[in-house]
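Structural overview
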Amino acid sequence: MSLDLPDERSLRDLAHVRERTALHGGPWRIVGTIAGALLGAVLLFAAYAKVLDPYTFAESIHAERLDFFLSAHGVAVLAIALEVGIGLLLLFGVRRTPVMLAATGLVAFLLFLATRTYVAYLRGTVDEAHTCGCFGALVERTPTEAFWQDILLLVPSLVLAWVGRPPQWTRVPWVRVTVAGVLTALALVFTGFAPSLPLDDFATRLRPGLNVSEVCAGKDDKKACVLDVIPLLAEGRHFVVIPDLKDPGFIARVPEFNAHAVAGTTPLLWMLTAEPQDKVQEFQLRRGATFPLQSAPAILLRPLYRRLPRAFLVEDGRILRTWAEIPTLAGLATPEGR
């Protein structure tokens, strides 16, 4: 009985298979899976902020001139789909070549945007108040912070996610792929309904329970706070409105606001707008507005709303309640106004 021994070519093939299996398994596979999950989590957090407020995200896309082949809203929906889909696949450990190539392209594009803004900041064409819209209004980042944070968060996790991937000859995890696809579709459906849902407290930096002294924007000497504009909010009961001065509904209520201000009824009424002071004076003269209307930096006000108007009730420096409209002022003087 003869024993067939493997030839030299078979031994080389076997060694090659073992080598590839070693690279795809063991500690390297764990490292790659964790790195991929981390990258997926970052992409999902970025998508979360955009899903809650897709219109503001579309505004950022238009401001960055990225709507050259689709409308700003179309680009916003496409970006949300990519971030959610790729993020979920990486979080579920699906690191096949097509997924990783898509993730690499997305990361490269995000780094391109951060680098472009950072270079513009270094050249002086944008100031430090210019913030990246990657995380919506939830996270404020200067161009310098966005550039370095994106590099440190995205690049190492992307590189390590390429390591220890499952061999291409293994079965595709269709269950995880299907779940990721279904959840992505649901996220896009939710995105369509989000603007009409009461999500302002989650999508903005203004929410009940917050101390009004914490409502700020900007860094260091360029920091702007609501208390800088209306110092009296630190004590007493106040009602603050961020209106749309062009809204016919708001204009029609000017006499009501005037009467409340003249009567001195609590809560005291304040109006804040990002319009410059000359526009504020023009509005007051044209509409006969005598209630307190003050100009505030747009960088301070824009993260506080998804759509105008936005209003909030303050008592002794703490925000008690917020509204996505201007409620009846008479009701604010009662305990129900809380």
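The structure contained in this document is the topic of the report that follows. Bear in mind the structure is a predicted one, so any value in this text is a computation, not a measurement. (Residues numbered from 1 in each chain as written. Predicted model: local features only at pLDDT ≥ 70, side-chain atom pairs only at ≥ 80, totals over all residues. Heavy atoms only, no water.)

Looking only at helices and strands, the chain features 13 helices and seven strands. Burial analysis of the chain (338 residues in total) assigns 41% to the buried set. Accessible surface for the chain amounts to roughly 18000 Å². Of this, 65% is attributable to carbon and sulfur atoms. (Helix = DSSP H or I, 4+ residues; strand = E, 2+ residues; numbered from the N terminus. Buried < 20%, exposed > 50% of the residue type's maximum accessible area, 1.4 Å probe, protein only. Areas by Shrake-Rupley, 256 points an atom, 1.4 Å probe, with all protein chains shown as cover.)

To continue, consider the packing of helix H2 (residues 26–52) against helix H4 (residues 72–91). Running from N to C, H2 and H4 cross one another at 150°; their axes reach a closest spacing of 7 Å. Taken together, the axis directions place H2 and H4 in an arrangement best described as roughly antiparallel. Classified by chirality, the crossing of H4 by H2 is left-handed. Taken together, the residues of H4 that come into contact with H2 (itself represented by Gly36, Ala37, Leu39, Gly40, Leu43, Leu44, Ala46, Ala47, Lys50 and Val51) are Ile80, Glu83, Val84, Ile86, Gly87, Leu88, Leu90 and Leu91. When the residues that make up the contact of H2 with H4 are grouped by side-chain class, the tally is 13 nonpolar, three polar and two charged. (Axes fitted to C-alpha atoms, helices over the stretch in contact; angles between N-to-C directions. Parallel < 35°, antiparallel > 145°, perpendicular 65-115°, else oblique. Left-handed = near helix turned anticlockwise from the far one by under 90°. Contact = heavy atoms within 4.5 Å. Nonpolar A, V, L, I, M, F, W, Y, C, P; charged D, E, K, R; others polar.)

Size it by volume and the second largest pocket reaches roughly 220 Å³. Taken together, Leu245, Lys246, Ile251, Glu275, Lys279, Glu282, Phe283, Arg286 and Arg287 form the lining of the second largest pocket. Top element by residues in the lining of the second largest pocket is helix H12 (residues 277–287). It accounts for five residues. (1 Å grid on protein atoms, 1.4 Å probe; cavity = no way out; pocket = protein on both sides within 12 Å on 5 of 7 lines; lining within 4 Å. Points joined across faces, edges and corners; volume = space filled by probe spheres on them.)

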